[in-house]
Amino acid sequence: MRKKIVAGNWKMNLTPMQSLELVKRIKNAINTSNSEVVICPPFTSLQIIHDEIKDSNIHLGAQNFYFEDKGAFTGEVSLEMLNELGVKYVIIGHSERRQIFREDDSLVNKKLLKALSNGFTPILCCGETLEQRENNETLDHIKSQMQRDFKDVDMSLAKNVVIAYEPIWAIGTGKTATSEQAEEVCAYIRNVIRSIFNKETADAIRILYGGSVKSTNASEIFAKENIDGGLIGGASIKEEFIDIVNA
Ligand code: PGA
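Student: What should I look at first to understand the nonpolar core in this one?
Tutor: The nonpolar side chains of a soluble globular protein tend to be buried with one another. L82, V90, F150, I163 and I189 are the most contacted members of the largest nonpolar core, which totals 64 residues. Per element, the largest residue contribution to this core is 6 residues, and it comes from helix α9 (residues 179-196). Listed in part, the 12 residues of the second largest apolar core include A7, V38, I123 and L208.

Here you go:
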C-alpha cells in the first residue's frame, strides 16, 4: 500500500508571520490525518514553521535548492542548510522553475541525484504544455522528461522519489485535468518507471497530481488507482488545504 501524500507548494506567498498563522490553523485541524502532509513555504518561513510543527504530523519541504555543497553561487541554498532547518522534502523541476528560470532536465537530474544521495525525498515535477497536449505529444514528452530526469539514479533509491504530474495548462488556471486525464498520465508514468527500473519500484513509487486541485475535486482525483495524492498550489495557502487533506 502506498501512503497518500498531500503537499502544499506555497510558491512566493506569505511572510514569516503570515506563514506562522496559517500553519497553526492547519496543524490543529489535521492532527488525526493518516496521510503524509508536507508544507513547502518560501525559504524565509522555514525556520518559524519548523519551530511550530515540531510535535505535529506535518513535514517540511523546500521549493528549491542548488546541487553544489557550498561556494560562490549567489542566491542559492544548499541541502545542508535546509537539513538544519528540518527540511525533508524538496520540490525539483517545477514547471515554473523550468519555464521562468530556464531549468532544464540536465539540472533537474543533478538535483535529483543530489537530493537522493543526501536522504531527502524529492518531489519531482513533470507535465506537458497545452500545445503539447493538443498535438498529442503528452505521453512522449513525459517519457522523455522521466528518462532524462532519472538518468543514473540508483535502482535502490528510485522508489524514494515522489513524482508530481502537473499539466502546465492546469497550474494556477482553474482548469483541472479530469480525473480520467490525470489517471491516464499517472498510470503511464508508472509504466515508464517500470521500464526504467522494475515492477517493484513502479508499484512502490508515489505519483501525485497537481494543477488546480480544490476541495471540490480532490477526492475524485485522489480516488484514482495510480494517483497517490496531490501537489497543491493556490489552495494550499487557504483553509481549503485542510479540506483537501481530509479528502
Ligand atoms: P495550483 O498549483 O494548485 O495553483 O494550480 C499547483 C502547483 O504549481 O504545484
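Let us keep going from here.
Student: Which parts of the structure should I look at to understand the sheet that holds strand β5 (residues 121-126)?
Tutor: The strand order around the closed barrel formed by 8 strands is β1-β2-β3-β4-β5-β6-β7-β8, and the pairing between neighbours is parallel. Along the sheet, successive strands turn relative to each other by an average axial angle of 25°, direction set aside. With 4 bridges connecting them, strand β1 (residues 5-9) and strand β8 (residues 229-232) associate as parallel partners. In the strand pairing of β8, A7 is matched with L231.

Student: In this structure, what is going on with unusual backbone geometry? I would like to understand it.
Tutor: Phi is positive for R102, close to 60°, though the residue is something other than glycine. Overall, R102 belongs to the exposed group, its relative accessible area being 68%.

Student: Would you take a moment to explain the site of the ligand for this structure?
Tutor: Taken together, 13 residues form the shell around the ligand, and within it K11, H94, E166, G172 and S212 come nearest. The contact in question runs from an oxygen atom of the ligand to an N or O atom on the side chain of H94, over 2.7 Å. In isolation the ligand offers 280 Å² of accessible surface; the protein chains occlude 95% of this area. Looking at the shell around the ligand, its residues break down into 4 nonpolar, 7 polar and 2 charged.

About the cut-offs
- The numbering scheme is per chain: residues are counted from 1 as the chain's sequence reads.
- Note on the predicted model: pLDDT of at least 70 is required for a residue's local features to be given, and 80 or more for side-chain atom pairs to be given and counted; whole-chain, interface and lining totals, by contrast, use all residues.
- Excluding hydrogens and water, the side-chain values take into account all heavy atoms of the structure.
- We call a set of buried Ala, Val, Leu, Ile, Met, Phe, Trp, Tyr and Cys residues a nonpolar core when their side-chain atoms join them within 4.5 Å.
- Throughout this description, buried means an accessible area under 20% of the type-specific maximum (1.4 Å probe, protein chains only), exposed means over 50%, and partly exposed covers the range between.
- Numbering of helices and strands runs from the N terminus; a helix is a DSSP stretch of H or I covering at least four residues, while a strand is a stretch of E covering at least two.
- Whether two strands pair comes down to DSSP finding at least two bridges between them.
- Axis definition: a line fitted to C-alpha atoms, limited for helices to the stretch in contact. Angles are taken between N-to-C directions and run from 0 to 180 degrees.
- Being near a molecule or strand, for a residue, means having at least one of its heavy atoms within 4 Å of it.
- Counting of polar contacts relies on pairs of N or O atoms within 3.5 Å, with two restrictions inside protein: one atom must be capable of donating a hydrogen and the other of accepting it, and residues adjacent in sequence are counted only when both atoms are side-chain atoms.
- Under the convention used here, a 1.4 Å probe and the Shrake-Rupley method define accessible areas, while residue burial counts only the protein chains that appear.
- Each residue gets one of three labels, nonpolar for Ala, Val, Leu, Ile, Met, Phe, Trp, Tyr, Cys and Pro, charged for Asp, Glu, Lys and Arg, and polar for the others, Gly among them.

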